[in-house]
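Below, each chain spelled out in residue letters.
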Amino acid sequence: MFRRRQTFRFEPRWKEELVVTGPGGAFVLQLPMGVLSACLPTQDAWRSQAPAWAADLWPELKSELGRWCEKNDAKLLIEETAGVYRA
């Protein structure tokens, strides 16, 4: 079975942060631990917060982050107010 290569790599970090590394650099999403959840901005909010290199990669990020969440028993929260931070 053919598996396509992932665009993003996800690494939890202390302070409830998820470091996301992609082809143009890295950024940080919130990863609350009370109920393990990865917080992703909505696609519209993403465009104004994302690093320039990742602005058009929201669909791939959502899909790959969703798989990461399933594998790690985490919820994927898509919220307009979710933040994107510098790594």
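Residues numbered from 1 in each chain as written. Predicted model: local features only at pLDDT ≥ 70, side-chain atom pairs only at ≥ 80, totals over all residues. Heavy atoms only, no water.

1. Some details on the overall build of the protein chain
Turning to step 1, where the next piece is worked out: Along the protein chain, the regular secondary structure elements total two helices and six strands.
Turning to step 2, where the next piece is worked out: Ordering the α and β elements of the protein chain from the N terminus gives β-β-β-β-α-α-β-β.
Turning to step 3, where the next piece is worked out: Against the 2.2 N^0.38 benchmark of 12 Å for 87 residues, the protein chain shows a C-alpha radius of gyration of 12 Å, consistent with a compact globule.
Turning to step 4, where the next piece is worked out: Its C-alpha atoms give the protein chain principal-axis dimensions of about 35 × 35 × 20 Å.
Turning to step 5, where the next piece is worked out: Classification of the 87 residues of the protein chain by burial places 39% in the buried group.
Turning to step 6, where the next piece is worked out: Restricting the contact set of the protein chain to residue pairs at least 6 apart, pairs at least 24 apart contribute 53%.
Turning to step 7, where the next piece is worked out: One way to put it: in the protein chain the 12 positive side-chain charges average out to a point 6 Å from where the 11 negative ones average out. (Helix = DSSP H or I, 4+ residues; strand = E, 2+ residues; numbered from the N terminus. Rg over C-alpha atoms; globule rule 2.2 N^0.38 Å. Buried < 20%, exposed > 50% of the residue type's maximum accessible area, 1.4 Å probe, protein only. Contact = heavy atoms within 4.5 Å. Lys, Arg positive; Asp, Glu negative; His and termini not counted. Charge placed at Lys NZ, Arg CZ, Asp CG, Glu CD.)

2. Topic: the sheet that holds strand E1 (residues 9-13)
Turning to step 1, where the next piece is worked out: Spatially, the four strands line up as an open sheet ordered E1-E2-E3-E6, and their pairing is antiparallel. The open sheet is flanked by E1 and strand E6 (84-86), the only strands paired with a single partner. The mean inter-strand angle of the sheet, taken between neighbouring strand axes irrespective of direction, is 35°.
Turning to step 2, where the next piece is worked out: As paired strands, strand E3 (residues 25-30) and E6 are joined by three bridges and run antiparallel to one another. Bridge pairing in E6 places Leu-29 opposite Val-84.
Turning to step 3, where the next piece is worked out: Strands in contact with helix H2 (residues 58-71) are E1, strand E2 (17-22) and E3; relative to E1, the strand with the most contacts, it is inclined by about 55°. (Pairing = 2+ DSSP bridges. Axes fitted to C-alpha atoms, helices over the stretch in contact; angles between N-to-C directions.)

3. Description of the state of the cysteines
Turning to step 1, where the next piece is worked out: If you walk through the whole model with that rule in mind, you get zero disulfides.
Turning to step 2, where the next piece is worked out: Cys-69 supplies the cysteine sulfur nearest to Cys-39, a cysteine that is in no disulfide, at a spacing of 9.2 Å. (Disulfide = S-S within 2.5 Å.)

4. Examining H2
Turning to step 1, where the next piece is worked out: Here H2 is 14 residues long and its end C-alpha atoms lie 20 Å apart, about the 20 Å a rise of 1.5 Å per residue gives.
Turning to step 2, where the next piece is worked out: Restricting attention to buried positions, one finds in H2 the residues Trp-58, Leu-61, Glu-64, Leu-65, Gly-66, Trp-68 and Cys-69.
Turning to step 3, where the next piece is worked out: For H2, the secondary structure elements touched by its buried residues are E1, E2, E3, strand E4 (37-40), helix H1 (43-49) and strand E5 (75-78).
Turning to step 4, where the next piece is worked out: Phi turns positive one or two residues past the end of H2, at Asp-73, with a value near 50°. (Expected span 1.5 Å × (residues − 1).)

5. Side note on the pairing of E1
Turning to step 1, where the next piece is worked out: Here E1 runs beside E2; their pairing, made up of five bridges, is antiparallel. Residue pairing across strands places Arg-9 opposite Thr-21, the latter belonging to E2.
Turning to step 2, where the next piece is worked out: Turn length for the E1-E2 hairpin, with the two strands adjacent in sequence and antiparallel, is three residues, and the turn residue Lys-15 shows positive phi of about 75°.

6. Section: the pattern of salt bridges
Turning to step 1, where the next piece is worked out: Evaluated as defined, the whole model comprises three salt bridges.
Turning to step 2, where the next piece is worked out: Residue Asp-44 pairs with Arg-47 through a salt bridge whose shortest N-O separation is 2.7 Å. Highlighted residues: Asp-44 and Arg-47, both in helix H1, separated by three residues, approximately one helical turn.
Turning to step 3, where the next piece is worked out: On the accessibility criterion, Asp-44 (60% relative accessible area) is exposed. (Salt bridge = Lys/Arg side-chain N within 4 Å of Asp/Glu carboxyl O.)

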